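# Close look at the chain arrangement
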Amino acid sequence: MKILVMNAGSSSQKSCLYEVDSALPHEAPRPLWQAHADWTKEKGQVELKVKTSTGKEHTSKLKPGSHGQVVKQLLQTLWQGEARVINSPAEITLVGHRVVHGGPHYQKSVWITREVKQTIDRLKSFAPLHNPANLEGIQAIEELMGDVPQIACFDTAFHSSLPPHSAIYPLPYDLYEQGIRRYGFHGISHQYCSRRASEVLQRDAQSLRLVSCHLGNGCSLAAIQDGKSIETTMGFTPLEGLMMGTRSGTIDASILFYLQREHGYDTDHLETLLNKQSGLRGISGISGDVRQVMEEAQHNERAQLAMDIYVYRLRYFIGAMVAVLGGLDALLFTGGVGENSAEIRARACAGFPYLHLKLDQQKNNASPVDTDIASFDSAVRVLVVHTEEDWEIARDCWHLAQQEPAHLAQTHSVQARHHND
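Conventions we followed
- Residues numbered from 1 in each chain as written.
- Predicted model: local features only at pLDDT ≥ 70, side-chain atom pairs only at ≥ 80, totals over all residues.
- Heavy atoms only, no water.
- UniProt positions renumbered as here; feature names shortened; annotations may be inferred.
- Buried < 20%, exposed > 50% of the residue type's maximum accessible area, 1.4 Å probe, protein only.
- Helix = DSSP H or I, 4+ residues; strand = E, 2+ residues; numbered from the N terminus.
- Pairing = 2+ DSSP bridges.
- Salt bridge = Lys/Arg side-chain N within 4 Å of Asp/Glu carboxyl O.
- Axes fitted to C-alpha atoms, helices over the stretch in contact; angles between N-to-C directions.
- Parallel < 35°, antiparallel > 145°, perpendicular 65-115°, else oblique.
- Left-handed = near helix turned anticlockwise from the far one by under 90°.
- Contact = heavy atoms within 4.5 Å.
- Nonpolar A, V, L, I, M, F, W, Y, C, P; charged D, E, K, R; others polar.
- Expected span 1.5 Å × (residues − 1).

An unreviewed UniProt entry lists the protein chain under the name Acetate kinase, from Ktedonobacter robiniae. According to UniProt, the comment filed for the protein chain under the heading Sequence similarities (unreviewed entry) is "Belongs to the acetokinase family." According to UniProt, the comment filed for the protein chain under the heading Subcellular location (unreviewed entry) is "Cytoplasm".

Right under this line is the structure:
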């Protein structure tokens, strides 16, 4: 079974092709093919990078077009050119898409139908930078590959287990009935990392109380108990919670009223301020990239302040997650910052001596992957986990195909007829 994974961002497209036999491997396999198209590197061009499991690589510049047009050019490298790994699109069994927002409608991965596409489109007001790109990827697959079965894997689905007292904001209840509630994000990553942690620790997931820290340009935590998310830091949008690269995280909402009333800010200005001009960039005045801010912090007071706020808020919300869980068995770090910054991990963990959490400094400094970096006498395990969102999507697709093989067989029958025609 060849499973193509489509992971679209607002200004990028990542794709992987996995081959899975009758049983899932214990660890994430190396993709047969992976490609990344980026709109941000150079104005007027799209950078495309492709590499295969056999070591072949391809880099090119594409003319900018719609997201769907770029996706088509990216996908054609699967069966054309020096990095091709299949002879035709008909070899692909399934296509899985990361869809950022599933709203209140989807608590698990689903086969993509006309109704599902319509719902994803309606939810674009909840995720205007992502859901339209996800939908364009689905449409591009339809145009290139006809009736190949497609599955939507929602970033919000893992957090659908949030209890009502967490999911519902203390606003008039009719707003909740209109869909205004806490959804949470990075769910695919948190889901993968919690499962991987149980494997590394050789513990049953049902017995673990975990705090998963996904730290990248966007940051979120999840409190996971019995393998389910019971609390998270992001809410109605990815803006809530932790301080991030360019996002403010949680603030007093009355600040927005003040800026509107006293300084004439309109909605667009406020949205830009909170999502693109705040966080590490806003405080440091340098960058939203943790690496640059940390380097400048050695001799720049505002950069040092930015890092102090970042770490303080990280500790603050970890503490909240521990309180919700009623204790902690393991603390997980993942994402670009979580996996690579030994300093951030050390400073975060230094806030929890009362939990008898102790790092092995030598292991932490090495930033090992999928490894316990706590000292032998620590009461809490600390793991660095390399997140594999694309593989988690492929796993979800495989499981859904096993549960509903008739759906897969029926769709492939239609696909075969179209291909023969």
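There is more to say, and it comes next.
For strand 4 (residues 46-52), the tally of buried residues reaches five of seven residues, placing the bulk of the element in the interior. Counting the residues in the hairpin turn of strand 4 and strand 5 (residues 57-62) gives four residues, including G55, whose phi is positive at 95°.

This brings us to the pattern of salt bridges. For the structure on display, the rule yields 20 salt bridges. The shortest N-O distance in the salt bridge between E231 and R182 comes to 2.8 Å. Linking E231 in strand 11 (residues 228-232) with R182 in the loop between helix 5 (173-177) and helix 6 (187-201), this pair joins segments that are 49 residues apart in sequence. Relative accessible area serves as the criterion here: at 14%, E231 is assigned to the buried category. The class for R182 is buried, based on a relative accessible area of 7%. A salt bridge links D372 to R381; the shortest N-O distance between them is 2.7 Å. One exposure class covers both D372 and R381, and it is buried. In this structure, a network of salt bridges that share partners links the residues E27, R195, R196, E199, D370, E392 and R395.

With their axes 8 Å apart at the nearest point, helix 2 (residues 114-122) and helix 3 (residues 131-145) run at an angle of 150° to one another. In this view, helix 2 runs roughly antiparallel relative to helix 3, as classed from their interaxial angle. As for how helix 2 packs across helix 3, the hand of that crossing is left-handed. For the pair helix 2 and helix 3, the contacting residues are K117, I120 and D121 in the first and N131, L135, I138 and E142 in the second. The residue makeup of the contact of helix 2 with helix 3, split by class, is three nonpolar, one polar and three charged.

A rise of 1.5 Å per residue sets the reference length of helix 6, with its 15 residues, at 21 Å; its end C-alpha atoms lie 21 Å apart and thus fit the reference within 8%. The buried fraction of helix 6 amounts to twelve of the 15 residues, a majority that puts the element mostly inside the structure. Here helix 6 has its buried residues at G187, I188, S189, H190, Y192, C193, S194, R195, R196, A197, S198 and L201. Q202, located one to two residues past helix 6, shows a positive phi value of around 55°.

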